[in-house]
Amino acid sequence: MSFTREQVVDRLRAEVSQQRPIVGAGAGTGISAKFIERGGADVIIVYNSGRFRMAGHSSMCGLLPLGDANAIVLEMGEREVLPVVRNTPVIAGVNGTDPTRDMHRLLDQVAAAGFSGVNNFPTVGLFDGRIREELEASGLGFQREVEMIEIAHQLGLFTIVYVFTPQEAAAMAAVGADAVIAHMGLTVGGSIGISTDGAFSLEDACDRVQAIGEAALAANDDVIVLCHGGPIATPSDAEYVMKRSNAVGFVGASSMERLPVEEALTQTTEAFKATTTA
């Protein structure tokens with residue numbers, strides 16, 4: 001079941017008005033999507049990284065040339081996630097920098113498949129240093145993602161975007177992004193997450209989320225500010241950041257899907273092994 005942009009926005013604003021946090025969750029399998037919906041997620045997002053993540057690999061595989069990101073998302077959505085989700089908007093992670101795609105045609109395909117909106121993933125925002133400079137210099141930079149979101153907005157799709165700096169937040173909000181997600185990097189913890197030594201502190205995350213939110217709201221005071229990643233890995237982490245920033249919700253992928261599966265499977269297997277045969 002697909003939803004219009006207005007229906008998704010109204011759904012999220014209703015949560016905010018009731019002082020309930022907006023929760024978005026990545027689903028890399030159909031069973032994840034089914035039970036994320038049962039848990040009450042407001043939106044479900046299909047990322048190409050979800051396929052790798054739920055195969056036991058790092059989410060960072062979604063940024064490497066390990067397949068056609070847009071084709072993977074369309075296939076995952078049509079064959080796994082959309083058939084089992086009944087009443088929750090499903091969002092497609094679209095690789096907006098893909099120079100081999102006509103974005104209008106691709107976004108028409110996304111809508112026709114039953115997705116209610118788009119997110120900019122994979123995103124060059126996760127690159128910095130020399131590789132980011134060379135991507136930007138060769139016309140494969142963040143601006144292409146902004147342009148993809150602008151087209152999606154014009155087509156009437158809901159848009160929920162990853163941003164990493166106040167400048168990126170302002171650019172996305174200016175072209176009509178409905179929600180900005182202040183991205184704090186790869187999620188900490190578990191078997192394939194970043195270590196706490198390599199992540200921001202929660203206090204730093206609060207400041208970064210606030211600055212990103214302020215820039216987005218200055219460009220468009222209707223935008224919804226959310227947070228994601230890095231040290232924000234548990235419900236208490238998300239609550240801590242939301243209470244100290246302008247974020248009104250959280251979007252999780254590893255934290256909503258991989259980490260719970262790692263813990264549940266380990267504990268269940270250990271419990272079976274702890275039984276006796278006599």
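Structure first, text after, so check above.
As a starting point, this report considers the structure included with it. (Residues numbered from 1 in each chain as written. Predicted model: local features only at pLDDT ≥ 70, side-chain atom pairs only at ≥ 80, totals over all residues. Heavy atoms only, no water.)

For the rest of this paragraph, the subject is the overall build of the protein chain. Counting its secondary structure elements, the protein chain contains eleven helices and eight strands. Scaling as 2.2 N^0.38, a compact globule of 278 residues should have a C-alpha radius of gyration of about 19 Å, and the protein chain matches this with 18 Å. Reported as C-alpha extents along the three principal axes, the dimensions of the protein chain are approximately 65 × 45 × 40 Å. Here the protein chain holds 278 residues, and the buried ones make up 51% of them. Residue pairs at least 24 apart in sequence account for 70% of intrachain contacts in the protein chain once pairs closer than 6 positions are excluded. (Helix = DSSP H or I, 4+ residues; strand = E, 2+ residues; numbered from the N terminus. Rg over C-alpha atoms; globule rule 2.2 N^0.38 Å. Buried < 20%, exposed > 50% of the residue type's maximum accessible area, 1.4 Å probe, protein only. Contact = heavy atoms within 4.5 Å.)

Turning next to the pairing of strand β3 (residues 90–94). Counting buried positions over the five residues of β3 gives five, a clear majority of the element. Of the two faces of β3, the one carrying V90, A92 and V94 and the one carrying I91 and G93 are both buried. Relative to β3, strand β2 (residues 43–46) runs parallel, the two sharing three bridges. When the sheet's bridge partners are listed, I44 is paired in β3 with V90. For β3 and strand β4 (residues 117–120), the ladder comprises four bridges, and the chain directions are parallel. The partner of G93 across the bridge, within β4, is N119. (Pairing = 2+ DSSP bridges.)

When we look at burial in helix α4 (residues 69–81), the residues that qualify are A69, N70, I72, V73, L74, M76, G77 and V81. Of the surrounding elements, those touching the buried residues of α4 are α2 (30–38), β2, α3 (48–53), β3 and α5 (103–113). You can read the cap of α4 off the contacts: a side-chain oxygen lies 3.1 Å from the backbone nitrogen of N70, and it is on D68. (Polar contact = N/O pair within 3.5 Å; in protein donor to acceptor, adjacent residues only side chain to side chain.)

Per the counting criterion, the structure on display carries three aromatic pairs. Each ring, one from Y47 and one from Y162, has its centre 6.1 Å from the other, and the planes form 15 degrees; the classification is stacked. Taken together, the residues span a long stretch of sequence, with Y47 in the loop between β2 and α3 and Y162 in strand β5 (residues 158–163) at a distance of 115 residues. Y162 matches Y47 in its accessibility class, with the two residues each being buried. Taken together, Y47, F121 and Y162 form an aromatic cluster joined through their ring pairs. (Phe/Tyr/Trp six-rings, centres within 6.5 Å; stacked < 30°, edge-to-face > 60°.)

Moving on, we come to the pattern of salt bridges. Scanning the model with the defined rule gives 13 salt bridges in all. As a salt-bridge pair, E262 and R258 come within 3.0 Å of each other at their nearest N and O atoms. Taken as a pair, E262 and R258 lie in helix α11 (residues 254–273) at a separation of four residues, close to a single helical turn. Owing to a relative accessible area of 4%, R258 belongs among the buried residues under this scheme. Ionic contacts of the salt-bridge type, sharing partners, join the residues R5, E6 and D178 into one network. (Salt bridge = Lys/Arg side-chain N within 4 Å of Asp/Glu carboxyl O.)

All right, on to the side chain of S49 then. Looking at the element boundaries, S49 is found in helix α3. Aside from chain neighbours lying at most four places away, what touches S49 is S59, G62 and F121.

What follows covers empty space enclosed by the protein. Within this structure, the stated rule accounts for one cavity of 30 Å³ or more. Lining the largest cavity are 16 residues, with R53, S59, F121, H183 and H228 positioned closest to its centre. Classifying every residue of the lining of the largest cavity gives eight nonpolar, seven polar and one charged. (1 Å grid on protein atoms, 1.4 Å probe; cavity = no way out; pocket = protein on both sides within 12 Å on 5 of 7 lines; lining within 4 Å. Points joined across faces, edges and corners; volume = space filled by probe spheres on them. Nonpolar A, V, L, I, M, F, W, Y, C, P; charged D, E, K, R; others polar.)

Within helix α10 (residues 235–242), the full set of buried residues consists of D237, A238, V241 and M242. Mapping the buried residues of α10 onto a view down its axis gives an arc of 130 degrees, with all of them on the same face. Along its buried surface, α10 packs onto α9 (202–219), β7 (224–228) and β8 (249–252). (Arc of directions from axis to C-beta.)

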